[in-house]
Amino acid sequence: MKVVLFCGGLGTRIREYSESIPKPMIPIGHQPILWHVMQYYSQYGHRDFVLCLGYKANVVKDYFLNYNQATTTDCTISQFGKKIELLGERPADWRVSLVDTGIWRNIGQRLRAVRHLVQDEEIFLANYSDGLTDAPLPDMIDRFKRSGKIGCFIAIHPPISFHLAEFDADGKVGRMAASNDSDIWINGGYFIFRKEIFDYIEEGDELVVQPFKRLIDRGDLMAYRYEGFWRAMDTIRDRQVLEEMIERGDTPWHLGTNVPAVVNG
């Protein structure tokens with residue numbers, strides 16, 4: 001399946017980095033978080049990517065135009081760098097379409113802008129490109145196919161802890177509960193769509209607002225509940241958490257194996 005990745009946002013909540021590079025290009029370990037998201041899909045066989053670019057699109061283009069697989073794979077170098085041999089199993093080949101969808105477009109309009117690249121797909125995948133998970137993608141796709149729905153998103157518990165208060169009109173508190181124990185679910189940014197989704201997106205629509213409301217009214221939107229690992233990179237602290245996981249070699253979003261720990265020498 002083709003995978004549409006939204007890479008054009010300003011990333012204002014992590015401005016310390018996003019003033020110089022787009023949010024999906026912020027590094028986690030030695031590679032941008034975008035690379036980790038693409039690896040997640042690639043390990044399940046989905047290697048045809050459509051990148052919706054916007055803010056600092058040239059940074060993303062330069063990354064792929066100058067991409068060197070040897071930087072992420074064991075290799076043997078000879079002839080003073082002129083000859084490079086990749087060792088072990090060769091990495092999966094990616095097909096990457098880089099489309100500048102404009103700086104100020106929202107997610108819904110970015111998706112509309114690449115409609116021509118997925119119009120022949122019965123089902124395609126999509127992602128915000130700023131979060132990682134170990135969710136079982138094949139199961140998510142299988143449930144979506146059997147549902148007959150038009151759209152699906154991964155639903156996760158909020159990753160932050162807070163206390164919920166229940167009280168009446170006079171302010172009398174009846175109950176306090178930890179958010180982790182509540183039945184609150186949020187959109188985790190991993191989507192599956194049938195091509196009919198474009199019939200529900202109008203000019204100016206934000207993806208999860210008006211189009212999702214139309215799908216809900218028709219009973220054509222489903223949520224895939226997942227309580228395993230999921231982490232978005234919205235703040236500097238989120239990046240630090242992911243960076244620390246990389247340094248420990250703890251990368252649950254990589255199927256079957258963790259990447260080598262980063263050694264700072």
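Please refer to the structure higher up on the page.
Every value quoted in this text rests on a predicted model; they were computed, and no experiment measured them.

The rules behind each value
Residues numbered from 1 in each chain as written. Predicted model: local features only at pLDDT ≥ 70, side-chain atom pairs only at ≥ 80, totals over all residues. Heavy atoms only, no water. Helix = DSSP H or I, 4+ residues; strand = E, 2+ residues; numbered from the N terminus. Buried < 20%, exposed > 50% of the residue type's maximum accessible area, 1.4 Å probe, protein only. Contact = heavy atoms within 4.5 Å. Areas by Shrake-Rupley, 256 points an atom, 1.4 Å probe, with all protein chains shown as cover. Salt bridge = Lys/Arg side-chain N within 4 Å of Asp/Glu carboxyl O.

Q: In this structure, what is going on with the overall build of the chain? I would like to understand it.
A: Helix and strand counts for the chain come out as eight helices and 15 strands. Burial status across the chain gives 45% buried among its 265 residues. Counting only contacts in the chain whose residues sit at least 6 apart along the sequence, the fraction spanning at least 24 positions is 71%. Accessible surface, the chain as shown: approximately 14000 Å² in total, 48% of it carbon and sulfur.

Q: Would you take a moment to explain the pattern of salt bridges for this structure?
A: Side chains bearing opposite charge may pair, as long as their charged atoms lie close to each other. Tallied over the entire structure, the rule returns 16 salt bridges. Of the charged contacts in the structure, one is a salt bridge between Asp234 and Lys23, with a shortest N-O distance of 3.0 Å. Taken together, the residues span a long stretch of sequence, with Asp234 in the loop between strand 15 (230–232) and helix 8 (236–248) and Lys23 in the loop between helix 1 (15–18) and strand 2 (27–28) at a distance of 211 residues. The residues Asp234 and Lys23 share a single accessibility class, namely buried. Here Arg143 makes a salt bridge to Asp139, at a shortest N to O gap of 3.1 Å. Of the two residues, Arg143 and Asp139 are both situated in helix 6 (residues 137–147); the distance of four residues between them amounts to about one turn of the helix. Arg143 gets classed as partly exposed once you look at its relative accessible area, which sits at 40%. Under the relative-accessibility criterion, Asp139 is labelled partly exposed at 27%. Through salt bridges with shared partners, a single ionic network connects Lys23, Asp130 and Asp234.

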